[in-house]
Amino acid sequence: MQLLEFMKKYYRLKNRMETSGIRYGLNDQRTIGLSKELDLLIVEIMKIKYPGSFNRKEIV
C-alpha cells in the first residue's frame, strides 16, 4: 500500500520536474530542487521494493 502511494507521488513529481525543466531550464533552482526530491523518493521506493539490499555493507 505504501509503495502505491510512493508511485503516485513519483509520477506527480516527475511531471512537475519535466514541466519545470521545459519552462525554466535545467539549471534553474526550482528544477534542481524537484530533481533532488525525486531522487530521494526513488531511494525510498527502492528500500521498499528491495529491503535486503540496503541492510548489507557494500564491498569496495
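Residues numbered from 1 in each chain as written. Predicted model: local features only at pLDDT ≥ 70, side-chain atom pairs only at ≥ 80, totals over all residues. Heavy atoms only, no water.

Peer 1: Which parts of the structure should I look at to understand the environment of Leu38?
Peer 2: In this fold, Leu38 is placed in helix α2 (residues 29-49). Counting along the chain gives 25 residues from Leu38 to Leu13, while the straight-line C-alpha distance between them is 6.5 Å. Dropping the residues within four chain positions of it, Leu38 is found in contact with Tyr10, Leu13, Lys14 and Met17. (Helix = DSSP H or I, 4+ residues; strand = E, 2+ residues; numbered from the N terminus. Contact = heavy atoms within 4.5 Å.)

Peer 1: Help me understand the pattern of salt bridges, please; the structure alone is not making it clear to me.
Peer 2: Two side chains of opposite charge can pair, provided their charged atoms sit close to one another. Applying the stated criterion across every chain yields a total of 2 salt bridges. Across the salt bridge formed by Asp28 and Arg30, the nearest N and O atoms sit 2.7 Å from each other. Overall, Arg30 belongs to the partly exposed group, its relative accessible area being 46%. Residue Lys47 pairs with Glu44 through a salt bridge whose shortest N-O separation is 3.9 Å. Residue Lys47 and its partner Glu44 are located together in helix α2, separated by 3 residues, close to a single helical turn. With relative accessibility at 39%, the residue Lys47 sits in the partly exposed group. According to the relative accessible area criterion, Glu44 is partly exposed, its value standing at 34%. (Salt bridge = Lys/Arg side-chain N within 4 Å of Asp/Glu carboxyl O. Buried < 20%, exposed > 50% of the residue type's maximum accessible area, 1.4 Å probe, protein only.)

Peer 1: Would you mind showing me how to read helix α1 (residues 2-24) here?
Peer 2: In an α-helix there are 3.6 residues to a turn, and that puts residues three or four apart on one side. Along its 23 residues, α1 runs 32 Å from first to last C-alpha, staying within 8% of the 33 Å computed at 1.5 Å per residue. Listed in full, the buried residues belonging to α1 are Phe6, Tyr10, Leu13, Ser20 and Gly21. Looking at the buried residues of α1, the elements they touch are α2. Following α1 by one or two positions, Gly25 adopts a phi angle in the positive range, close to 100 degrees. (Expected span 1.5 Å × (residues − 1).)

Peer 1: Explain the nonpolar core here, please?
Peer 2: Buried together is how nonpolar side chains tend to be arranged in soluble globular proteins. Membership of the largest hydrophobic core is limited to 7 residues, which are Phe6, Tyr10, Leu13, Leu34, Leu38, Leu41 and Ile45. When contributions to this core are tallied by element, the ones reaching two or more residues are α1 and α2. Residue contributions to this core peak at 4 residues, all from α2. (Core = buried A, V, L, I, M, F, W, Y, C linked by side-chain atoms within 4.5 Å.)

Peer 1: Would you mind showing me how to read a nonpolar patch on the surface here?
Peer 2: Taken together, the side chains of Ile42, Met46 and Tyr50 present a nonpolar region at the surface, about 250 Å² in accessible area. With respect to the secondary-structure elements, Met46 resides in helix α2. Here Met46 falls in the partly exposed class, since its relative accessible area comes to 32%. (Patch = residues over 30% accessible without salt bridge, like charges linked within 9 Å, V, L, I, M, F, W, Y side chains within 5 Å. Areas by Shrake-Rupley, 256 points an atom, 1.4 Å probe, with all protein chains shown as cover.)

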